[in-house]
Amino acid sequence: MSRVGVLVGVGVGPGDPELLTLKAVRELREADRVFVPETATSAGGAGRAETVVAAHVAPERLVRLGFAMGDAGERDARWDAAGAAIAEVVRGGGTAAFATLGDPSVYSTFAYIVHTVRALAPAVTVRAVPGITAMQDLAARTGAMLAEGTDSVALVPWTAGEARVRAALDTFETVVIYKGGRQLPRLLDVVREAGREQEASVGTHLGLEGEVVSTAPGLAAGPAPYFCTVLVTPERGGTARGARLRDTEGSRA
Ligand SMILES: C[S@@+](CC[C@H](N)C(=O)[O-])C[C@H]1O[C@@H](n2cnc3c(N)ncnc32)[C@H](O)[C@@H]1O
């Protein structure tokens, strides 16, 4: 019986090649093929994940995959084609790496790739290498703390709807909003209406060409590209050190 290979989702971080982990670099170097999404704006061009991994992978081991976000029929056809290309490698006993921006478990195409490849090659071994997310990068760049003490953090895609974002802003100390760049003015209105504008920062194309990071006051006003993250963290300037720790037995820092 022939050996079925491995599919490994490799998180390559938000864009800065220095935010690639040592483990990610090793997996990319050892894989038989490294699959990367090609850019959505000019089919056939190097996508952002490819730009990050290019220094570590010989071009002949890189394979570009086209994906579609709009029409459901086209999106399914692209997932099928990508899954078939990867399944061919693993059916031959090889290791296929799928490089994805940020972390493979956070809103990544990797989820759909795993689903498709498992249907075609059920014995495939699936692994993932965690990556640094855009929200962590934005927190680092703005000096914000994502969570202290008893703080809770919500990660909400703008595409889940305004009501979901509003509820998170009313409930959680820290709120991260993904996938809202193209409607950034409306998104920032919602943040303002929740009375949290002064706590917000916006990062666009973090670690990539054209990066913009802005904090209140003077947050970016116009629409932004898809790769845009909004971070809202509680104002902590006036609180004493450790004020967000609840002083009860069994609490953890
Ligand atoms: C499909 S999700 C991918 C998330 C990614 N897997 C992660 O772990 O960060 C795409 C969203 O992630 C955020 N994002 C990812 N990379 C980014 C970057 N370099 N700069 C700003 N936002 C980014 C944006 O909100 C974008 O709309």
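Visitor: Got a minute to help me understand the domain arrangement of the protein in this structure?
Guide: How large an interface is tends to be reported as the accessible area lost when its parts come together. Assigned domains within the protein: domain 1 (6-129) and domain 2 (134-232). In this structure, domain 1 and domain 2 have C-alpha centres spaced 27 Å apart. Between domain 1 and domain 2, the contact holds seven residues from the first and eight residues from the second. Class assignment for the residues of the side of domain 1 that touches domain 2 results in three nonpolar, two polar and two charged.

Visitor: How do you make sense of the packing of helix H3 (residues 72-91) against helix H4 (residues 110-120) when you look at a structure like this?
Guide: Helix-helix packing is described using two parameters, namely the angle between the two axes and the distance between the axes. Interhelical geometry of H3 versus H4 gives an angle of 55 degrees and a closest axis separation of 8 Å. One finds that H3 runs oblique with respect to H4. Taken as a pair, H3 and H4 cross one another with a handedness that is right-handed. Along the contact surface, H3 presents Trp79, Asp80, Ala82, Gly83, Ala84, Ile86, Ala87 and Val90, while H4 presents Tyr112, Ile113, Thr116, Val117 and Leu120. The residue inventory of the contact of H3 with H4, partitioned by class, reads ten nonpolar, two polar and one charged.

Visitor: Would you mind going over the sheet that holds strand S10 (residues 228-232) with me for this structure?
Guide: The strands that make up a sheet pair up through hydrogen bonds in the backbone, lying either parallel or antiparallel. Across the sheet, five strands lie side by side as S6-S7-S10-S8-S9; this open sheet has mixed pairing. Strands at the two margins of the open sheet, each flanked by one partner only, are strand S6 (153-157) and strand S9 (212-215). The average angle at which neighbouring strand axes cross in this sheet is 15 degrees, direction not considered. Relative to S10, strand S8 (residues 200-204) runs antiparallel, the two being bridged by five bridges. Directly across from Thr204, in S10, lies its bridge partner Cys228. With respect to the sheet, helix H5 (residues 134-142) is in contact with S6, strand S7 (174-178), S8, S9 and S10, its orientation differing from that of S10 by roughly 60 degrees. Of the strands in this sheet, S6, S7 and S10 are in contact with helix H6 (residues 162-171), which crosses S6 at around 170 degrees.

Visitor: For this particular structure, what's the right way to read the sheet that holds strand S5 (residues 125-129)?
Guide: Strand order in the open sheet formed by five strands is S3-S2-S4-S1-S5, and the pairing between neighbours is parallel. Looking along the sheet, the strands with just one partner apiece sit at the ends: strand S3 (62-65) and S5. Neighbouring strand axes in the sheet, compared pairwise and without regard to direction, differ in orientation by 25 degrees on average. Bridge count between strand S1 (residues 6-11) and S5: five bridges; the pairing is parallel. Paired with Val10 across the strands is Val129, a residue of S5. Taken strand by strand, helix H1 (residues 22-30) contacts S1, strand S2 (33-37), strand S4 (95-100) and S5, and its axis lies near 140 degrees from that of S1.

Conventions and cut-offs
Residue numbers restart at each chain and count upward from 1, following the sequence in its written direction. A pLDDT threshold of at least 70 governs which residues receive local features in this predicted model, and a stricter bar of 80 or more applies before side-chain atom pairs are shown or counted, although totals over entire chains, interfaces and linings include all residues. Each domain's extent is set by a domain assignment, obtained either automatically or from a database. Throughout, a pair of residues is in contact if the C-beta atoms placed from their backbones lie within 7 Å. Following the grouping adopted for this structure description, the nonpolar residues are Ala, Val, Leu, Ile, Met, Phe, Trp, Tyr, Cys and Pro, the charged ones are Asp, Glu, Lys and Arg, and the polar ones are all others, Gly among them. Under this scheme, a helix contributes an axis fitted over its contacting stretch, all axes are lines through C-alpha atoms, and angles between N-to-C directions fall in the 0 to 180 degree range. Helix and strand definitions follow DSSP, with helices as H or I runs of at least four residues and strands as E runs of at least two, each counted in order from the N terminus. Should an angle fall under 35 degrees it is taken as roughly parallel, and over 145 as roughly antiparallel, whereas 65 to 115 is taken as roughly perpendicular and any remaining angle as oblique. A crossing counts as left-handed when the near helix is turned anticlockwise from the far one by less than a right angle, and as right-handed when that turn is clockwise. Note on pairing: DSSP must find at least two bridges between two strands before they are called paired.

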